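Fold and contact review
Chain residues, written in single-letter form:
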Amino acid sequence: AQSVTQLGSHVSVSEGALVLLRCNYSSSVPPYLFWYVQYPNQGLQLLLKYTTGATLVKGINGFEAEFKKSETSFHLTKPSAHMSDAAEYFCAVTPPTGGGFKTIFGAGTRLFVKA
Amino acid sequence: ETGVTQTPRHLVMGMTNKKSLKCEQHLGHNAMYWYKQSAKKPLELMFVYSLEERVENNSVPSRFSPECPNSSHLFLHLHTLQPEDSALYLCASSQGTSGANVLTFGAGSRLTVL
């Protein structure tokens, strides 16, 4: 069975510092991988996704993530945090077969950005 | 209106009330979803409709009853709820139900059961 683990329910960084949010998955075959962001009082919106091809994926707002099959990881990074990045971030995985309703979300990591 | 719209944004109901949550998508998608988001828990998939047919029901109690009259509208009918049902209910849509498809979410309906 698939599972998703996001290390750290809360991460705090200073403005301008590197953002690193960790996501590890457990799956018998490499899944499709997603990062979604949820700003206060809003629904989730897609940051980036990996399906096939290049393992380094660039998303919106300067975020990127790298699929590492050997480490079963899909960590999210941004070189320089901005106050507007404060939000909750969700990693999600979907098996390549079986449909989107098999998507499993992680518990989320709340990012705090200090001035 | 664009994207996925959910109404009401906030709902307070007693345990004996009957209410409904509404979701409308303006994206031309053919699949719609209900998720439950509780504090400190991963999103829980409740129901999936594809081409107006329910394709997934994740062991949801019968006090939650979904309805999908057409590909643009999705309802969640609520009756005799429990306080533990208090949560943010998110509607989402996608074009198809392939695992590679992106989910587009509404802003959610915050439900409080007294």
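So, a few notes on the structure that sits alongside this text. Computed from a predicted model, the values in this text were never measured in an experiment.

Take the interface of chain A and chain B next. Across the contact, 22 residues belong to chain A and 23 residues belong to chain B. Regarding the contact of chain A and chain B, the summed buried area is about 1600 Å², with carbon and sulfur atoms giving 61% of it. When the buried surface of chain A facing chain B is broken down by residue, L44, F101 and F105 of chain A rank first, second and third, together holding 36% of it. Summed over the shared surface of chain A and chain B, the number is 0 salt bridges. Linking chain A with chain B are 4 residue pairs in polar contact (both at pLDDT 80 or more), by the criterion used here. For the side of chain A that touches chain B, the secondary-structure elements that each account for two or more residues are β4 (32-38), β5 (44-50) and β9 (87-94) of chain A. Looking at the side of chain A that touches chain B, the element that brings in the most residues is β4 of chain A, giving 4 residues. Of the residues in the side of chain A that touches chain B, the class split is 10 nonpolar, 10 polar and 2 charged.

This part takes up the pairing of strand β9 (residues 87-94) of chain B. Residues and elements named next belong to chain B. With respect to burial, β9 is a largely interior element, 8 of its 8 residues being buried. Here β9 shows two buried faces, one formed by A87, Y89, C91 and S93 and the other by L88, L90, A92 and S94. Taken together, the 3 bridges between β9 and strand β11 (residues 109-113) define a ladder with antiparallel strand orientation. Following the sheet pairing, L88 is matched in β11 by R110. Inspection of the sheet shows β9 paired to strand β10 (residues 104-105) by 2 bridges, in the antiparallel sense. The residue bridging A92 from the neighbouring strand is F105, located in β10.

Conventions used here
- Residues numbered from 1 in each chain as written.
- Chains lettered and ligands numbered in written order.
- Predicted model: local features only at pLDDT ≥ 70, side-chain atom pairs only at ≥ 80, totals over all residues.
- Heavy atoms only, no water.
- Contact = heavy atoms within 4.5 Å.
- Buried area = accessible area lost by both parts, 1.4 Å probe.
- Salt bridge = Lys/Arg side-chain N within 4 Å of Asp/Glu carboxyl O.
- Polar contact = N/O pair within 3.5 Å; in protein donor to acceptor, adjacent residues only side chain to side chain.
- Helix = DSSP H or I, 4+ residues; strand = E, 2+ residues; numbered from the N terminus.
- Nonpolar A, V, L, I, M, F, W, Y, C, P; charged D, E, K, R; others polar.
- Buried < 20%, exposed > 50% of the residue type's maximum accessible area, 1.4 Å probe, protein only.
- Pairing = 2+ DSSP bridges.

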